[in-house]
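The chain contents come next:
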Amino acid sequence: MALLSFKKRDTAPDRPASAEVAAFLQGYSIEVMPRTAEKVADFRDLLAPGTRVYIAHIDGTPIDDMVATARRLARDGFPVMPHFPARIIRDRATLENWIAMYQGEAGVDQGLILAGGLGAPQGEFDSAIALLDTGLFDKAGFKRLHVAGHPEGNRDIDPDGGSANVDAALRWKQKFSETTDAEMALATQFAFEAKPIIAWADALREAGITLPIHIGIAGPAKLQTLIKFAIACGVGPSLKVLQKRAMDVSKLLLPYEPTDVITELALHKARNPEFNITQAHLFPLGGITASADWVIDHGGAAARPANRT
């Protein structure tokens with residue numbers, strides 16, 4: 001498989017990075033899949049040292065491929081957070097084996113614990129709660145456990161479009177966070193509009209959900225690509241931001257960039273330091289290189305400069 005090559009960028013960003021945006025992007029994380037990771041010659045040419053890299057586990061991906069990707073990233077100095085999707089894990093023995101493989105081969109001590117996108121479980125687990133309730137992550141000494149957040153709801157969990165089931169799950173996870181030694185946070189689905197995200201985050205805090213929020217942001221991508229992913233992932237009302245853009249012929253062929261939503265969130269954070277969104281999590285739907293370059297252009301930490309040639 002051909003590996004990506006990287007050329008020095010010779011164009012400046014559309015607008016200079018503001019101090020607020022640069023601060024908001026510090027400590028950002030990014031997501032990869034084994035098949036996309038294979039196309040990257042060296043992640044150290046793209047990501048700043050210490051960047052947390054989530055590894056998405058899509059149904060059908062062999063655990064050996066997941067572990068190999070984790071091993072490679074860990075070897076290059078990146079904290080690795082693989083997904084543990086409950087509905088594709090057949091039983092407790094499988095979960096124990098996955099944890100042992102990740103720890104033995106890549107030193108993994110953190111994970112994103114989620115239900116997964118399947119409509120029905122393939123085994124005995126149907127939710128993140130069921131996985132956490134095994135106690136296996138605490139037993140293995142995981143230092144960080146993230147769980148899913150849904151700023152625009154999730155119809156797989158609440159088919160009526162409400163939030164009763166999601167809210168109940170968050171209350172359980174909040175209580176669990178008070179009993180585990182692991183640090184916990186909410187890693188959210190991506191959305192495209194800042195005001196509903198802010199309202200959702202504020203409502204959680206008012207409801208006593210104090211888990212830090214790592215907000216999902218879609219990285220630069222073709223508009224058609226984003227709309228496809230947004231529909232597939234169940235993105236809610238903020239999808240209209242993309243649909244409105246698609247109606248503007250002058251913007252239709254231009255790549256979408258998350259500058260507007262990030263800027264509004266960053267300014268809100270600067271004005272409200274207690275705001276419970278603490279980090280950004282990039283979904284590189286238009287490619288890892290595009291997302292990494294966008295972050296650097298907007299004040300985020302750069303990769304090792306000697307290798308960006």
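Small disclaimer: the values here were computed from a predicted structure and weren't measured.

Glancing now at the sheet that holds strand E5 (residues 144–149). With respect to topology, eight strands assemble into a closed barrel ordered E1-E2-E3-E4-E5-E6-E7-E8, the strand pairing being parallel. Here the strands of the sheet are splayed against their neighbours by 30 degrees on average, with no regard to which way each runs.

What follows covers the packing of helix H8 (residues 194–206) against helix H12 (residues 259–271). At a minimum axis distance of 9 Å, the contact between H8 and H12 shows a crossing angle of 40 degrees. As summarised for this structure, H8 and H12 are arranged oblique, according to the angle between their axes. Judged by the twist between their axes, the crossing of H8 over H12 is right-handed. Note on element contacts: H12 touches H8 through Val-261, Glu-264, Leu-265 and His-268, opposite Ala-194, Lys-195, Ile-197 and Ile-198. In terms of residue class, the contact of H8 with H12 is built from five nonpolar, one polar and two charged.

This structure, assessed with the given rule, holds eight aromatic pairs. Measuring from centroid to centroid gives 5.3 Å for Phe-137 and Phe-142, while their planes differ by 75 degrees, and the two rings are edge-to-face. Exposure remark for Phe-142: the relative accessible area of 3% places this residue in the buried category. A centroid spacing of 5.7 Å and a plane angle of 70 degrees characterise the contact between Phe-190 and Phe-192, whose relative ring orientation is edge-to-face. The exposure class assigned to Phe-190 is buried, which follows from its relative accessible area of 3%.

In this section: H12. If you check H12, its first and last C-alpha atoms are 18 Å apart, about what 13 residues at 1.5 Å a residue would give, namely 18 Å. Within the sequence span of H12, burial applies to Thr-259, Val-261, Ile-262, Thr-263, Leu-265, Ala-266 and His-268.

What follows concerns the packing of helix H3 (residues 63–75) against helix H4 (residues 92–106). Contact pair H3 / H4: the axes reach a minimum separation of 9 Å and the direction vectors enclose 30 degrees. One way to sum up the angle between H3 and H4 is to call them roughly parallel. Considering the relative orientation of H3 and H4, their crossing is right-handed. Contacts between H3 and H4 pair Ile-63, Asp-64, Met-66, Val-67, Ala-70, Arg-71 and Ala-74 from the former with Trp-98, Met-101, Tyr-102, Glu-105 and Ala-106 from the latter. In terms of residue class, the contact of H3 with H4 is built from nine nonpolar, no polar and three charged.

As a further point, take the nonpolar core. Counting residues in each nonpolar core, the largest one holds 80 residues, and the members touching the most others are Phe-84, Phe-137 and Leu-265. Excluding anything up to four places from it in sequence, Leu-265 contacts Phe-24, Ala-194, Ile-197, Ile-198, Ile-215, Ile-217 and Ile-277.

Right, let's get into the pairing of strand E6 (residues 183–190). The element E6 is extensively covered by neighbouring structure, given that six of its eight residues are classed as buried. Note that E5 and E6 share six bridges and pair parallel. When the sheet's bridge partners are listed, His-146 is paired in E6 with Ala-185. With three bridges connecting them, E6 and strand E7 (residues 213–218) associate as parallel partners. In the strand pairing of E7, Ala-187 is matched with His-214. What joins E6 to E7 is H8, and the crossover it makes is right-handed.

Reading guide: rules and limits
- Residues numbered from 1 in each chain as written.
- Predicted model: local features only at pLDDT ≥ 70, side-chain atom pairs only at ≥ 80, totals over all residues.
- Heavy atoms only, no water.
- Pairing = 2+ DSSP bridges.
- Helix = DSSP H or I, 4+ residues; strand = E, 2+ residues; numbered from the N terminus.
- Axes fitted to C-alpha atoms, helices over the stretch in contact; angles between N-to-C directions.
- Parallel < 35°, antiparallel > 145°, perpendicular 65-115°, else oblique.
- Left-handed = near helix turned anticlockwise from the far one by under 90°.
- Contact = heavy atoms within 4.5 Å.
- Nonpolar A, V, L, I, M, F, W, Y, C, P; charged D, E, K, R; others polar.
- Phe/Tyr/Trp six-rings, centres within 6.5 Å; stacked < 30°, edge-to-face > 60°.
- Buried < 20%, exposed > 50% of the residue type's maximum accessible area, 1.4 Å probe, protein only.
- Expected span 1.5 Å × (residues − 1).
- Core = buried A, V, L, I, M, F, W, Y, C linked by side-chain atoms within 4.5 Å.
- Right-handed = clockwise from strand over helix to strand, strands pointing away.

Purely geometric stuff here, so don't read any function into it on its own.
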